[in-house]
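Read off the chains here:
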Amino acid sequence: MAETLSLTGANGVSEIHIETGLLDRAGAVILETFSPSRVHIVSDSTVAPLYLEKLEKQFSLPVTHTVIPAGEEHKQLSTVEGIYHDLLAAGMTRKDLIIALGGGVVGDITGFAAATFLRGVSLCQIPTTLLAQVDSSVGGKTGVDLPEGKNLVGAFYQPRLVLIDPNVLASLPDSTFADGMAEVVKYGYISNREILTMVSQPDYKANIENIIYECVKIKRDVVAIDEHDTGLRMILNFGHTIGHAAEKLGNYTDLTHGQAVAIGMVAAMRLSALLGNEDLTAPLIDLLKHIGLPTELKYDREAIFNALLSDKKKFGATVNFILVREAGRAEITPIDAEKLHEYVLKL
Ligand SMILES: NC(=O)c1ccc[n+]([C@@H]2O[C@H](COP(=O)([O-])OP(=O)(O)OC[C@H]3O[C@@H](n4cnc5c(N)ncnc54)[C@H](O)[C@@H]3O)[C@@H](O)[C@H]2O)c1
Ligand SMILES: O=C(O)C(=O)C[C@@H](O)[C@H](O)[C@H](O)COP(=O)(O)O
Ligand SMILES: [Zn+2]
């Protein structure tokens, strides 16, 4: 399979290539788009031993790298600062190229470093987890967590190129593959119920390339309409309001992002039922269990409510909550924070 999707944003076009074996010829594809004097690759301590050398060897120009420790707890400003120092030591200029080689954590951190170093250096995303392939590498949200909340510092900064090679998923642990499936299920519920049918099959993993393509297409279409998250794009946050609160309460170590999104989608469905809508919780739970994802919110509800007040969809005293009242269609529903408090205590 080889597919290319283009995303036109305010500052130009991002090309997204999905192709089995693409990492083997990534260097050549990158140099068709960029003309850097040097390249700096950011990866993490798990991905670097697997794929960094393979990528570095494909360039005949100077290549340097930063290897950050793997894990969400390192998605923080001090890690970005370390990358800036390495970029300076390498002599990187505005003409040069930064490559993110890794999962969503590497992608978000590296994207933020690229957005801010010298006020902006070209960026290529090479996502190596399913989650990063279907979601985080596309659309230009970059940033880091703070102890106070998830992704609270960041920038919108589009990669000019995204190279998705499904072959690299072969080295993923099952649970990390399942994390990505949480975002896949999200796409099914917010936009295309056919994805839910695909995922319900016993051998859905055999169809993963088509699933990736369908998800990236949805993300491309949504971001093309609302790049800066002022309206439609908020639907990509289904399951994330309570999910992000749970990630924060677990100090970014108890739950992965994918697990938190799974739990957050179930909680959002329960909340929708409390609002009087049809209760779609049971089929969602069945699907998540089939994938191997958790469904129960374990944290104190008062603490969850307080944590979700730092959600970026809160405007004044209103939180824009993403509800799904019918599989395949999401709604942005403003809920008064006081009312939301009542509902969250009942979850
Ligand atoms: N920017 C966005 O639009 C967006 C969208 C969704 C999620 N995110 C962010 O993405 C992050 C989660 O991403 P993630 O689930 O990829 O987590 P991750 O980056 O922490 O990767 C999960 C684990 O898999 C390892 N890994 C990565 N690729 C591998 C491979 N091919 N083989 C073996 N191991 C591999 C990593 O080293 C890590 O230990 C969160 O911080 C979340 O907030 C951002
Ligand atoms: O791209 C988006 O927009 C999303 O909301 C995708 C989410 O899967 C992702 O987790 C994103 O990082 C959440 O963004 P935030 O603005 O809620 O921090
Ligand atoms: Zn997400």
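Everything numeric in this text was worked out from a predicted model, so none of it was measured. (Residues numbered from 1 in each chain as written. Chains lettered and ligands numbered in written order. Predicted model: local features only at pLDDT ≥ 70, side-chain atom pairs only at ≥ 80, totals over all residues.)

(A) How the structure looks around the overall build of the chain. For the chain, the helix and strand inventory stands at 13 helices and twelve strands. By the compact-globule yardstick of 20 Å for 347 residues, the chain fits well, its C-alpha radius of gyration being 19 Å. Each principal axis of the C-alpha atoms in the chain carries an extent, and together these give about 60 × 40 × 35 Å. For the chain, the proportion of its 347 residues judged to be buried stands at 46%. (Helix = DSSP H or I, 4+ residues; strand = E, 2+ residues; numbered from the N terminus. Rg over C-alpha atoms; globule rule 2.2 N^0.38 Å. Buried ≥ 20, exposed ≤ 12 C-beta atoms within 10 Å, placed from the backbone.)

(B) Structural context of the pairing of strand β5 (residues 97-102). Taking burial as the measure, the six residues of β5 include six buried ones, the bulk of the element. Here β5 shows two buried faces, one formed by L97, I99 and L101 and the other by I98, A100 and G102. In terms of strand pairing, strand β3 (residues 39-44) meets β5 through four bridges, oriented parallel. Note on β5: the bridge partner recorded for H40 is I98. Here six bridges tie β5 to strand β6 (residues 122-127), and the two strands are oriented parallel to one another. Residue pairing across strands places L101 opposite I126, the latter belonging to β6. Handedness of the β-α-β unit built from β5, helix α4 (residues 104-116) and β6 comes out right-handed. (Pairing = 2+ DSSP bridges. Right-handed = clockwise from strand over helix to strand, strands pointing away.)

(C) Region of interest: the site of ligand 1. Around ligand 1 there are 31 residues in total, and T46, G103, G104, T129 and S136 lie nearest to it. Listed by contribution, the elements that provide at least two residues to the shell around ligand 1 are α2 (47-56), α4, α5 (130-136), α6 (174-190) and α10 (257-274). Looking at the shell around ligand 1 residue by residue, the class counts come to nine nonpolar, 15 polar and seven charged. Counting contributing residues, the shell around ligand 1 receives three or more from each of domain 1 (2-171) and domain 2 (174-346). (Near = placed C-beta within 6 Å. Nonpolar A, V, L, I, M, F, W, Y, C, P; charged D, E, K, R; others polar. Domains from an automatic or database assignment.)

(D) Representation of the site of ligand 2. In the vicinity of ligand 2, the residues found are D135, G139, K141, K150, N151, E183, D229, R233, L236, N237, H240 and K312. Residues of the shell around ligand 2, tallied by class, amount to one nonpolar, four polar and seven charged.

(E) The arrangement of the environment of F112 in detail. With respect to the helices and strands, F112 occurs in helix α4. Residues F112 and K141 lie 29 residues apart in sequence; the distance between their C-alpha atoms is 8.5 Å. Setting aside residues up to four positions removed in sequence, F112 forms contacts with V80, T142, G143, V144, G154 and A155. (Contact = placed C-beta atoms within 7 Å.)

(F) Seen up close, unusual backbone geometry. The phi angle at L118 is positive, at roughly 55°, despite the residue not being glycine. Residue placement: L118 occurs in the loop between α4 and β6. Residue R119 is not a glycine yet carries a positive backbone phi of 65°. You can call R119 exposed: it has 7 C-beta atoms within 10 Å.

(G) Representation of the sheet that holds β5 in the model. Strand order in the open sheet formed by seven strands is β1-β2-β9-β6-β5-β3-β4, and the pairing between neighbours is mixed. At either end of the open sheet lies a strand with only one pairing partner, and these are β1 (2-9) and β4 (63-68). Direction aside, the axes of adjacent strands within the sheet are offset by 15° on average. Where helix α1 (residues 26-33) meets the sheet, it contacts β2 (12-19), β6 and β9 (161-164), and its direction lies at approximately 160° from that of β9. Sheet contacts for α2: β3, β4 and β5; angle to β3, the most-contacted strand, approximately 160°. (Axes fitted to C-alpha atoms, helices over the stretch in contact; angles between N-to-C directions.)

(H) A look at the nonpolar core. Formed by 99 residues in total, the largest nonpolar core has its most connected members in L101 and M265. Considering each element in turn, this core owes the most residues, ten residues, to α10. Mapped onto the domain boundaries, this core takes at least three residues apiece from domain 1 (2-171) and domain 2 (174-346). If we skip the residues at most four places from it in the chain, L101 touches I41, V42, S43, V47, Y51, L52, L55, V106, I126 and T128. (Core = buried A, V, L, I, M, F, W, Y, C linked by C-beta atoms within 7 Å.)

(I) Highlighting the sheet that holds strand β11 (residues 318-326). Strand order in the open sheet made by the three strands is β10-β11-β12, with antiparallel pairing throughout. Each edge of the open sheet carries a strand with a single partner, namely β10 (314-315) and β12 (329-336). Pairing of β11 with β12, which is carried by eight bridges, proceeds in the antiparallel orientation. Paired with V319 across the strands is I335, a residue of β12. Helix-sheet contacts for helix α13 (residues 337-346) involve β11 and β12, and the interaxial angle to β12 is about 110°.

(J) Up close: the UniProt feature "binding site: Zn(2+)" (unreviewed entry) in the chain. Per the UniProt annotation, the sites labelled "binding site: Zn(2+)" (unreviewed entry) are E183, H240 and H257. What stands out for the annotated residues spanning 75 residues is how close their C-alpha atoms remain, the widest pair being 10.1 Å apart. Look at H240 and you get buried, because 26 C-beta atoms sit within 10 Å. Contacts of H240, omitting those with residues within four sequence positions, involve V261 and G264. By the secondary structure assignment, H257 is in helix α10. Accessibility expressed as a C-beta count within 10 Å gives 28 for H257, which makes it buried. Other than its neighbours up to four places away in sequence, H257 contacts E72, G104, L131, D179 and E247. (UniProt positions renumbered as here; feature names shortened; annotations may be inferred.)

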